[in-house]
Amino acid sequence: MRFAIKSRCQIRAELAGSYATAARLYAEAVANSTQVLDEKKYQDLCMEAREAKQRAEAAGLRFEEHVASHKCHGEPVGDHVPRG
Ligand SMILES: [Zn+2]
């Protein structure tokens, strides 16, 4: 199996970043909504968590659809970030 891949898909990297961010925001919204809260705050944060979940699912779908059509699943993510 070859490991090094020369070409990089910038769209994949951007969609992967959006997906990861949306998933993180969803996780945070869940953590917030499951605190001990008064009823109003609870309802608000549950709504936020549901919306964050939908955004994360939509971002995941965009990523998967791009990779499925472009066949760029083997390419590294985040390689554009300077190291060192
Ligand atoms: Zn791609």
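All of these numbers come straight from a predicted model, not from anything done at the bench. (Residues numbered from 1 in each chain as written. Predicted model: local features only at pLDDT ≥ 70, side-chain atom pairs only at ≥ 80, totals over all residues.)

A. The environment of Ala13, seen in detail. Looking at the secondary structure, you find Ala13 in helix H1 (residues 10–33). Here Ala13 falls in the partly exposed class, since 18 other C-beta atoms lie within 10 Å of it. Here the alpha-carbon distance between Ala13 and Glu75, two residues 62 residues apart in the chain, equals 8.8 Å. (Helix = DSSP H or I, 4+ residues; strand = E, 2+ residues; numbered from the N terminus. Buried ≥ 20, exposed ≤ 12 C-beta atoms within 10 Å, placed from the backbone.)

B. View of the packing of H1 against helix H2 (residues 39–70). Where H1 contacts H2, the axes come no closer than 8 Å and their chain directions differ by 160 degrees. When the axis of H1 is compared with that of H2, the two are roughly antiparallel. Crossing angle aside, the handedness with which H1 passes H2 is left-handed. (Axes fitted to C-alpha atoms, helices over the stretch in contact; angles between N-to-C directions. Parallel < 35°, antiparallel > 145°, perpendicular 65-115°, else oblique. Left-handed = near helix turned anticlockwise from the far one by under 90°.)

C. Main features of the environment of Glu28. Structurally, Glu28 is set in helix H1. The exposure class of Glu28 is partly exposed, given the 13 C-beta atoms found within 10 Å.

D. Molecular detail of the environment of Cys9. Among the structural elements, Cys9 can be located in the segment before H1. A count of 20 C-beta atoms within 10 Å places Cys9 in the buried class. Residues within four places of Cys9 in sequence aside, it is in contact with His70, Cys72 and Glu75. (Contact = placed C-beta atoms within 7 Å.)

E. Region of the structure containing H1. In this model H1 runs 35 Å from its N-terminal to its C-terminal C-alpha over 24 residues, within 8% of the 34 Å that 1.5 Å per residue would give. When we look at burial in H1, the residues that qualify are Leu15, Tyr19, Ala22, Tyr26 and Ala29. Looking at the packing, one finds that the buried side of H1 touches H2. (Expected span 1.5 Å × (residues − 1).)

F. The arrangement of H2 in detail. Taking 1.5 Å per residue, 32 residues should reach 46 Å; H2 reaches 46 Å between its end C-alpha atoms and fits that length. Those residues of H2 that sit buried are Ala49, Ala52, Ala56, Ala59 and Phe63. On its buried face, H2 is in contact with H1.

G. Just the nonpolar core, in detail. Within the largest apolar cluster, 10 residues are counted, these being Leu15, Tyr19, Ala22, Tyr26, Ala29, Ala49, Ala52, Ala56, Ala59 and Phe63. Secondary structure elements with two or more residues in this core: H1 and H2. Those residues in contact with Ala29 that lie beyond four places of it in its chain are Glu48, Ala49 and Ala52. (Core = buried A, V, L, I, M, F, W, Y, C linked by C-beta atoms within 7 Å.)

H. Broad picture of unusual backbone geometry. The phi torsion at Lys71 lies on the positive side, around 55 degrees, for a residue other than glycine. Examined against the element boundaries, Lys71 turns out to sit in the segment after H2. Note on Lys71: 10 C-beta atoms within 10 Å, which makes it exposed.

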